[in-house]
Amino acid sequence: MALSRRLLLLPLLRRGGCLSASASPARALSTAAVPADAEQEEAVTVKGVRISGRPLYMDMQATTPVDPRVLDAMLPFYLSRYGNPHSRTHLYGWESDAAVEEARARVASLVGADPREIFFTSGATECNNIAVKGVMRFYRDRRRHVITTQTEHKCVLDSCRYLQQEGFEVTYLPVRSDGLVDVAQLADAIRPDTGLVSVMAVNNEIGVVQPLEEIGRICREKGVPFHTDAAQALGKIPIDVNQMGIGLMSLSAHKIYGPKGVGALYLRRRPRIRVEPQMSGGGQERGIRSGTVPTPLVVGFGAACEIAAKEMDYDHRRATTLQQRLLNGICGQVDDVVINGSMEHRYPGNLNLSFAYVEGESLLMGLKEVAVSSGSACTSASLEPSYVLRALGVEEDMAHTSIRFGIGRFTTEEEVDRATELTVHQVKKLRDMSPLYEMAKAGIDIKSIQWAQH
Amino acid sequence: MAAAAAPTRAEVMSLFRSLLRTARQFSDYNIREYTRRRAADAFRENRALGDVPAAAAAFAYGKKQLEVAKRQAVVYSMYAPKAKSIMEMKLQ
């Protein structure tokens, strides 16, 4: 058996050898460039940049890879159990509905809620829209004021701006330089006609964790619903809607190793918080969100929540260790590195660093082998620095050079070391070329320079 | 339902070896490393479990995870991208 296999191999090898010889009969005398060897053929060329392989992924706040256990739970609902959960008359509908309700219970138990308080949506953005616009429109006769912070996610800020156009008033609370909201200031801002307080749990850009219990307590005392965007917090820090006095909460699946395209809105029953639905239709999800509930996505979300409940401690310990490793590695080799946001009140998987005297876009261009995000929007169309960093009081030049490292469940020590190595190498290279850095090292205060006008 | 008996040492070692072997079959660098590391950490943590129902439950959970891992190793290999992660390439 083994002998015949070996005999089969020999002609194959020779054939392979013959092919390469016949492929280049004309090339023996040509002066054209030598064709790339097999290893380089695996290289990826996108947007004119050539990298030798798939970059190492450190952008967990943008999205997370789907956990294989989640995919395993979802696949049957794409293959044979494809029924619509709202079909009441046959097995396909019944089994689909049972799966949806089981997933609902899993999501609810991760946050300490009742399954009847969970409504599936298409993601945290839709949840934020329903929460902000839906609550205020429902209570539009008596409540005309919304309180939020300057570091909220764009969808919350945009919904608030939309409400302002409809005639509501919005207070955008500033944050301190460590990213935390001043709770006393929040309490002062609450008026008799305040209909909603919206403060996100964990910030997606800087990773800062807001004091949810305190805010929830104040809102409960003053009788104002408390909404929190917990997309980045779910499954990462322990959330208990009763302990934290949360009235509405936005949840997203693709931040906790679940599928993209699904999220859930938590809506308190006691005391009942009412919202005006933003999606009109057949009245699914108790009329809060019409539309067929996507069974495979919802099942994936439920599986992701179940896994997160089991793995939260382990993942948190690991993220803390890896973040320390990354910080020590970078700060030990380069100086003038600033951490954006509080270190004490932080989710360890999110590290936002600014490197002084380095230009942001060139730093990112040199870090193509690490998939990270910048804190500024300079990678997108506009050159504006990130509004979150601006709210922290970070100067524009530092905001432009900020990098956000995301550490997740699947990040390895070797990846952290490689990211450190690549970042340090790129920062040192850019600083060597930077005249501003030379001046700073010579002791000149750059801010005091009077630049000559030409 | 009859209470499950505690797994023998041989059974536990066999399950651990199977998990590590299945981990090696993942084409994705991150999933492969995670499976190997998580299995090792879980077995190490549960080593001290003297309580029979807890040990039997942990063993049953481990067996279920092995089945999931086996299926997913096949699925991941069917859709493996052509370019490997740079972590798997030789240092340049």
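An unreviewed UniProt entry annotates chain B as Complex 1 LYR protein domain-containing protein of Zizania palustris.

The name an unreviewed UniProt entry gives chain A is cysteine desulfurase, with Zizania palustris as the organism. In its Sequence similarities (unreviewed entry) section, the UniProt entry covering chain A states "Belongs to the class-V pyridoxal-phosphate-dependent aminotransferase family. NifS/IscS subfamily."

Enquirer: For the overall build of chain B, give the residues involved together with the corresponding values.
Expert: Helix and strand content of chain B: three helices and zero strands. Listing every helix and strand of chain B by position from the N terminus yields α-α-α. In terms of overall dimensions, chain B has a C-alpha envelope of 55 × 25 × 15 Å along the principal axes. Across the 92 residues that make up chain B, the buried fraction comes to 38%. If you take every contact in chain B between residues at least 6 apart in sequence, the share linking residues at least 24 apart comes to 77%. In the form shown here, chain B has an accessible surface area of approximately 6,100 Å², with 58% of it arising from carbon and sulfur atoms.

Enquirer: Explain the overall build of chain A to me, using residue names and the numbers behind them.
Expert: Across its full length, chain A holds 15 helices and 15 strands. Looking at the 454 residues of chain A, the share that counts as buried comes to 52%. A fraction of 71% describes how many contacts in chain A between residues 6 or more apart in sequence connect residues 24 or more apart. Counting only carbon and sulfur atoms, one obtains 54% of the accessible surface of chain A, whose full area is about 21,900 Å².

Enquirer: I'd like a description of the interface of chain B and chain A, backed by residues and values.
Expert: Quite often, the size of an interface is put as the accessible area lost when its parts meet. Between chain B and chain A, the residue contacts involve 26 residues of the former and 27 residues of the latter. Counting each side, the surface lost to burial between chain B and chain A is near 2,500 Å², with a carbon and sulfur contribution of 53%. Our count for the contact surface shared by chain B and chain A stands at two salt bridges. A salt bridge links Arg71 of chain B to Asp72 of chain A; the nearest nitrogen and oxygen atoms lie 2.6 Å apart. Linking chain B with chain A are 13 residue pairs in polar contact (both at pLDDT 80 or more), by the criterion used here. Only α2 (29-46) and α3 (52-78) of chain B provide two or more residues apiece to the side of chain B that touches chain A. With eight residues, α2 of chain B is the largest single contributor of residues to the side of chain B that touches chain A. For the side of chain B that touches chain A, the per-class residue count stands at 13 nonpolar, five polar and eight charged.

Enquirer: Go over the sheet that holds strand β14 (residues 373-374) of chain A, please, and point to the residues and values.
Expert: All names here are of chain A. Taken together, the four strands give an open sheet; going across it, the order is β11-β12-β15-β14, and neighbouring strands pair in antiparallel fashion. Each edge of the open sheet carries a strand with a single partner, namely β11 (337-339) and β14. Judged from the five bridges that link them, strand β12 (residues 350-355) and strand β15 (residues 402-406) form a sheet pairing that is antiparallel. Across the sheet, the residue bridging to Ser354 is Ser402, located in β15. On top of the sheet, helix α10 (residues 295-333) reaches β11, β12 and β15; it is set at about 10° to β12, its chief contact.

Enquirer: Got a sec to walk through unusual backbone geometry? Specific residues and values, please.
Expert: Residue and element names in this part refer to chain A. Along the chain, Arg270 connects to Pro271 via a cis peptide bond; the corresponding omega equals -5°. Mapped onto the elements of the fold, Pro271 is located in the loop between β10 (263-267) and α10. Phi is positive for Asp336, which is not a glycine, with a value near 55°. Among the structural elements, Asp336 can be located in the loop between α10 and β11. Classification of Asp336 by relative accessible area gives partly exposed; the value is 34%.

Enquirer: Report on the state of the cysteines, specifying residues and quantitative values.
Expert: Applying the stated criterion to the full structure yields zero disulfides over all chains. No disulfide involves Cys160 of chain A; its sulfur sits 9.9 Å from the nearest other cysteine sulfur, which is in Cys155 of chain A.

What counts and what doesn't
- Residues numbered from 1 in each chain as written.
- Chains lettered and ligands numbered in written order.
- Predicted model: local features only at pLDDT ≥ 70, side-chain atom pairs only at ≥ 80, totals over all residues.
- Heavy atoms only, no water.
- UniProt positions renumbered as here; feature names shortened; annotations may be inferred.
- Helix = DSSP H or I, 4+ residues; strand = E, 2+ residues; numbered from the N terminus.
- Buried < 20%, exposed > 50% of the residue type's maximum accessible area, 1.4 Å probe, protein only.
- Contact = heavy atoms within 4.5 Å.
- Areas by Shrake-Rupley, 256 points an atom, 1.4 Å probe, with all protein chains shown as cover.
- Buried area = accessible area lost by both parts, 1.4 Å probe.
- Salt bridge = Lys/Arg side-chain N within 4 Å of Asp/Glu carboxyl O.
- Polar contact = N/O pair within 3.5 Å; in protein donor to acceptor, adjacent residues only side chain to side chain.
- Nonpolar A, V, L, I, M, F, W, Y, C, P; charged D, E, K, R; others polar.
- Pairing = 2+ DSSP bridges.
- Axes fitted to C-alpha atoms, helices over the stretch in contact; angles between N-to-C directions.
- Disulfide = S-S within 2.5 Å.

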